[in-house]
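# Reading the structure
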Amino acid sequence: DSGVTQTPKHLITATGQRVTLRCSPRSGDLSVYWYQQSLDQGLQFLIQYYNGEERAKGNILERFSAQQFPDLHSELNLSSLELGDSALYFCASSVVAGQGNYGYTFGSGTRLTVV
Amino acid sequence: AQTVTQSQPEMSVQEAETVTLSCTYDTSENNYYLFWYKQPPSRQMILVIRQEAYKQQNATENRFSVNFQKAAKSFSLKISDSQLGDTAMYFCAFMKQGGATNKLIFGTGTLLAVQP
């Protein structure tokens, strides 16, 4: 157990639907990162939050949004789902932004399948 | 923008042998960190080893060591005495030091198979 908790582990949904992925960071970590891992694109950075505020955005689609709550857990919302959104979605956390010399701690991921 | 390149999509090694995975990166930054992550079939991302760019000494973690060549922007991973449990996808990653964000930029990965 890495200390970063992601739920659910697996999700199967239909095209056009909306889903919410949840992440609880490791205790004491203020930064949360979301990554998408597709079969043919490796790990793509989506978005970073630090202590409730958005810090950086990557190649995140407009149909996707995220937030970090006062208790530091984060949610990634995916809407109008398409087949191509099927992927493994990782959440990771670190202590503070800008001091990443120890890397991230990753959750075990949410496997999203859009049918 | 920074990029990370892993030119070996797949590699194979016999158990107990040594294997080296290649990674090159492109950046104009002088201060940064480099990482190798392992992703076994369980899909969990596990940090293997890290290197701070300002340190000339190559990092070592048990059977894992790196060859960091800053001028050449090269960061290879050497696995000694390979074990079956080393079978995994290995990702090289770059992180800029400092600033308000510290996102990790990953290469496309090298799939390593350790053969008995």
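Note: the structure precedes this text.
Report follows, based on the coordinates. (Residues numbered from 1 in each chain as written. Chains lettered and ligands numbered in written order. Predicted model: local features only at pLDDT ≥ 70, side-chain atom pairs only at ≥ 80, totals over all residues. Heavy atoms only, no water.)

## A closer look at the sheet that holds strand β3 (residues 19-24) of chain A
Residues and elements named next belong to chain A. For clarity, the cut-off: Strands pair, by our definition, only if DSSP identifies at least two bridges between them. Per the convention used, a helix needs a DSSP run of H or I reaching at least four residues, while a strand needs a run of E reaching at least two, with both numbered from the N terminus. Angles shown run from 0 to 180 degrees and are taken between the N-to-C directions of axes, each axis being a line fitted to C-alpha atoms and, for helices, limited to the stretch in contact.
Across the sheet, four strands lie side by side as β1-β3-β8-β7; this open sheet has antiparallel pairing. Of all the strands in the sheet, just β1 (5-7) and β7 (64-68) have a single pairing partner and so form its edges. The average angle at which neighbouring strand axes cross in this sheet is 15°, direction not considered. Sheet topology places β3 next to strand β8 (residues 74-78); five bridges connect them, and they run antiparallel. By the bridge assignment, Arg22 is partnered in β8 with Glu75.

## A few points about the interface of chain B and chain A
Frequently, the measure chosen for interface size is the accessible area removed from exposure when the parts meet. Where we set the bar: Contacts are residue-level and defined by heavy atoms, with any inter-residue pair within 4.5 Å sufficient. Buried area is understood as the total, over both parts, of accessible area removed when two parts are fitted together, assessed with a 1.4 Å probe. Polar contact is the term for a pair of N or O atoms within 3.5 Å; when the atoms are in protein, one must be able to donate a hydrogen and the other to accept it, and sequence-neighboring residues count only if both atoms are side-chain atoms. Note on residue categories: nonpolar means Ala, Val, Leu, Ile, Met, Phe, Trp, Tyr, Cys or Pro, charged means Asp, Glu, Lys or Arg, and polar means any other residue, Gly included.
Contact residues are listed per partner, giving 20 residues for chain B and 25 residues for chain A. Summed over both partners, the interface of chain B with chain A buries about 1900 Å², with 53% contributed by carbon and sulfur atoms. Contact with chain A buries area across many residues of chain B, yet Arg43, Gln44 and Asn102 of chain B alone supply 27% of it, more than any other trio. Scanning the region where chain B abuts chain A turns up six residue pairs in polar contact (both at pLDDT 80 or more). Tallying contributions element by element places strand β5 (residues 32-39) of chain B first for the side of chain B that touches chain A, with four residues. In terms of residue class, the side of chain B that touches chain A is built from 10 nonpolar, six polar and four charged.

## Looking at the packing of aromatic side chains
The description of two aromatic rings rests on the distance between their centres and on the angle between their planes. Our working rule: Whether two aromatic rings pair depends on their centres lying within 6.5 Å, for rings of Phe, Tyr and Trp, where Trp uses its six-membered ring; planes under 30 degrees apart make the pair stacked, over 60 edge-to-face, and the rest tilted. For the exposure calls, accessible area comes from a 1.4 Å probe over protein chains only, and a residue counts as buried if that area is under 20% of its type's maximum, exposed if over 50%, partly exposed in between.
Tallied over the full model, the rule gives 18 aromatic pairs over all chains. Ring geometry for Tyr35 of chain A against Phe106 of chain B: centres 5.5 Å apart, planes inclined by 90°, an arrangement best described as edge-to-face. Taken together, the positions of Tyr35 of chain A in strand β4 (residues 31-38) and Phe106 of chain B in strand β11 (residues 105-106) put the pair across two chains. Of the two residues, Tyr35 of chain A and Phe106 of chain B, both sit in the buried class. Measuring from centroid to centroid gives 5.8 Å for Phe90 of chain A and Phe106 of chain A, while their planes differ by 85°, and the two rings are edge-to-face. With Phe90 of chain A in strand β9 (residues 87-94) and Phe106 of chain A in strand β10 (residues 105-106), this residue pair connects regions lying 16 residues apart in the sequence.

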